[in-house]
Amino acid sequence: MPDLKPESYLVSAARPEGAGAALNVPLVPCSTFLNGGERNYSREDSTPTWAALEELVGGLEGGEAVAFSSGMAAADAVLDQVPGGGRIALPRDVYPGVTGLAVQGEAKGRWTLDRFDTEDTQAWIDAAGTHDLLWIETPSNPLLMLADLRAICAAERREGCLIAVDNTFATPLNQRPLEVGADISMHSATKYIGGHSDLLAGMLVAARPDIVAGFKKTRMYHGATPGALEAWLAVRGLRTMAIRFAKAQANAQRVAEFLEAHPKVERAIFPGLVSHPCHAIAREQLDGYGAVVSFVLKGDGEKAEAVCRAARLIHHCTSLGGVESTMERRAAQSGQEAIPPSLIRLSVGIESADDLVADLEQALAGA
Ligand SMILES: *Cc1c(COP(=O)(O)O)cnc(C)c1O
């Protein structure tokens with residue numbers, strides 16, 4: 001349905017067809033299929049529930065999607081495409097699980113690794129000429145820096161060089177990396193796609209059939225398959241993603257402006273703030289500024305912990321992308337030691353913005 005706007009597509013696409021069909025995608029818990037059809041065994045041939053999830057996400061991103069058991073399983077499948085002894089370019093500010101995976105592979109001699117700053121466009125352009133995989137996370141986690149995707153994807157590339165974009169924070173509603181020349185778009189569907197903090201799943205999207213075939217092979221051999229219930233919940237989550245994300249983004253802008261003006265806050269970090277170093281490129285590259293706001297408190301890490309504990313509406317826990325607002329001191333997570341010790345990453349949900357601001361007001365007053 002290429003003529004539909006994304007919010008209409010998400011509601012209407014990938015439904016069963018024909019008179020008497022169920023309106024909704026069926027939850028199909030199934031490992032094997034009767035002989036003679038197009039599917040034999042689900043780990044190899046997928047299930048109707050995964051197929052609906054893949055149709056929805058692939059349609060939004062303009063490619064073919066492959067669903068995985070988690071975002072990390074999807075990241076692992078991308079790194080699995082790197083030839084033995086290859087070179088991987090990775091941002092310094094990136095999801096720590098991906099860093100761990102890449103560092104572990106380097107320690108085992110599978111590839112070598114070079115790190116770059118997300119916003120250092122020239123470094124990525126140069127890396128395209130020398131590396132086998134550019135892994136780009138934009139906006140980045142948790143500093144929300146942006147890479148200039150259009151410029152990087154237009155660079156002269158070494159033969160076989162793949163450009164993969166972790167699109168989790170932007171979602172396909174704000175950014176479609178394949179449209180600007182990236183080869184791969186990756187999601188932790190655990191976050192905004194699922195949207196309710198009740199599942200783990202991952203997605204990869206690519207347009208080139210050889211890349212898609214490589215992902216399906218890795219999923220099959222690694223057994224990195226999504227659960228039936230998780231895929232079904234992710235489809236259900238996608239039906240409301242546009243309205244959830246619109247509300248969360250509007251709330252995030254309001255919360256970011258509140259935090260920026262607060263005397264106990266040293267720095268509020270949000271691409272929608274004019275003060276953000278990547279605001280200009282965010283305005284040009286993204287269709288919205290997202291719903292994650294980071295802020296650095298005046299004071300030490302203990303002060304930040306106290307604010308997280310004092311919040312009543314905003315839950316003190318890790319992860320992001322749910323309908324409920326959550327926050328945590330990011331340096332408390334392993335692999336995030338370089339993050340400022342009093343930085344709090346806040347995932348803004350769909351509550352009333354007034355209530356969120358009031359909760360932050362009282363939590364900051366107490367700390
Ligand atoms: C959560 C996350 C991942 C990992 O996804 P899981 O579903 O937890 O395996 C990767 N990248 C980003 C940006 C994330 O937020």
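Residues numbered from 1 in each chain as written. Predicted model: local features only at pLDDT ≥ 70, side-chain atom pairs only at ≥ 80, totals over all residues. Heavy atoms only, no water.

Caption draft 1: Geometry of the sheet that holds strand 2 (residues 86-91). Spatially, seven strands are ordered 1-7-6-5-4-2-3 in an open sheet, and the strand pairing comes out mixed. Both outer strands of the open sheet, strand 1 (64-68) and strand 3 (111-116), are each paired with one neighbouring strand and no more. Each strand of the sheet is rotated relative to its neighbour by a mean of 20 degrees, with strand direction disregarded. Two elements, strand 2 and strand 3, share six bridges in a ladder whose sense is parallel. Bridge assignment links Ile 88 to a residue of strand 3, and that residue is Leu 113. Contacts from helix 6 (residues 121-128) reach strand 2, strand 3 and strand 4 (133-137), with the element oriented near 155 degrees to strand 4. Strand contacts of helix 9 (residues 209-222): strand 1, strand 5 (162-166), strand 6 (184-188) and strand 7 (202-206), with the helix running at about 15 degrees to strand 1, the strand carrying the most contacts. (Pairing = 2+ DSSP bridges. Helix = DSSP H or I, 4+ residues; strand = E, 2+ residues; numbered from the N terminus. Axes fitted to C-alpha atoms, helices over the stretch in contact; angles between N-to-C directions. Contact = heavy atoms within 4.5 Å.)

Caption draft 2: View of the pairing of strand 12 (residues 343-347). Burial analysis of strand 12 places five of its five residues in the buried class, the great majority of the element. Two elements, strand 11 (residues 326-329) and strand 12, share four bridges in a ladder whose sense is antiparallel. Paired with Thr 326 across the bridge in strand 12 is Ser 347. (Buried < 20%, exposed > 50% of the residue type's maximum accessible area, 1.4 Å probe, protein only.)

Caption draft 3: Summary view of the site of the ligand. Taken together, 14 residues form the shell around the ligand, and within it Met 72, Asp 166, Ser 188, Thr 190 and Lys 191 come nearest. At a separation of 2.9 Å, an oxygen atom of the ligand approaches a polar backbone atom of Gly 71. Asp 166 is positioned with one of its side-chain polar atoms (N or O) 2.7 Å from a nitrogen atom of the ligand. When the ligand sits alone it has 380 Å² of accessible area, and the protein chains cover 94% of it. Broken down by secondary-structure element, the contributors of at least two residues to the shell around the ligand are helix 4 (71-79) and strand 6. (Near = heavy atom within 4 Å. Polar contact = N/O pair within 3.5 Å; in protein donor to acceptor, adjacent residues only side chain to side chain. Areas by Shrake-Rupley, 256 points an atom, 1.4 Å probe, with all protein chains shown as cover.)

Caption draft 4: Structural detail: the pattern of salt bridges. One pass over the full model with this rule turns up 16 salt bridges. For Arg 208, the salt bridge goes to Asp 183, with nearest N and O atoms at 4.0 Å. Of this pair, Arg 208 sits in the loop between strand 7 and helix 9 while Asp 183 sits in the loop between helix 8 (171-174) and strand 6, and the two are 25 residues apart along the sequence. Accessibility expressed as a relative area gives 11% for Asp 183, which makes it buried. For Arg 330, the salt bridge identified is with Glu 328, shortest N-O distance 2.5 Å. Here the two residues Arg 330 and Glu 328 agree in accessibility, since each one is buried. Among the ionic contacts, a cluster of salt bridges with common partners joins Arg 157, Asp 183, Arg 208 and Asp 210. (Salt bridge = Lys/Arg side-chain N within 4 Å of Asp/Glu carboxyl O.)

Caption draft 5: Region of interest: the nonpolar core. Residues Leu 53, Leu 259, Phe 295, Met 327, Leu 346 and Leu 360 are the most contacted members of the largest nonpolar core, which totals 67 residues. For this core, the element with the highest residue contribution is helix 11 (residues 241-261), accounting for nine residues. Apart from the residues within four sequence positions on either side, Phe 295 is in contact with Leu 259, Val 265, Arg 267, Ala 268, Met 327, Ser 342, Leu 343, Ile 344, Leu 346 and Leu 360. Judged by nonpolar contacts, the second largest core, of 29 residues, contains Ala 102, Met 186, Leu 204 and Ala 224. (Core = buried A, V, L, I, M, F, W, Y, C linked by side-chain atoms within 4.5 Å.)

Caption draft 6: Region of the structure containing the pairing of strand 9 (residues 292-297). Burial of strand 9 is extensive: six of the six residues sit out of reach of the surface. The side-chain alternation of strand 9 yields two buried faces, one formed by Val 292, Ser 294 and Val 296 and the other by Val 293, Phe 295 and Leu 297. As paired elements, strand 8 (residues 265-269) and strand 9 share four bridges and run antiparallel to each other. From the neighbouring strand, Ile 269 faces strand 9, where its bridge partner is Ser 294. Sheet topology note: the strand 9/strand 12 ladder contains five bridges and is antiparallel. Residue pairing across strands places Val 296 opposite Leu 343, the latter belonging to strand 12.

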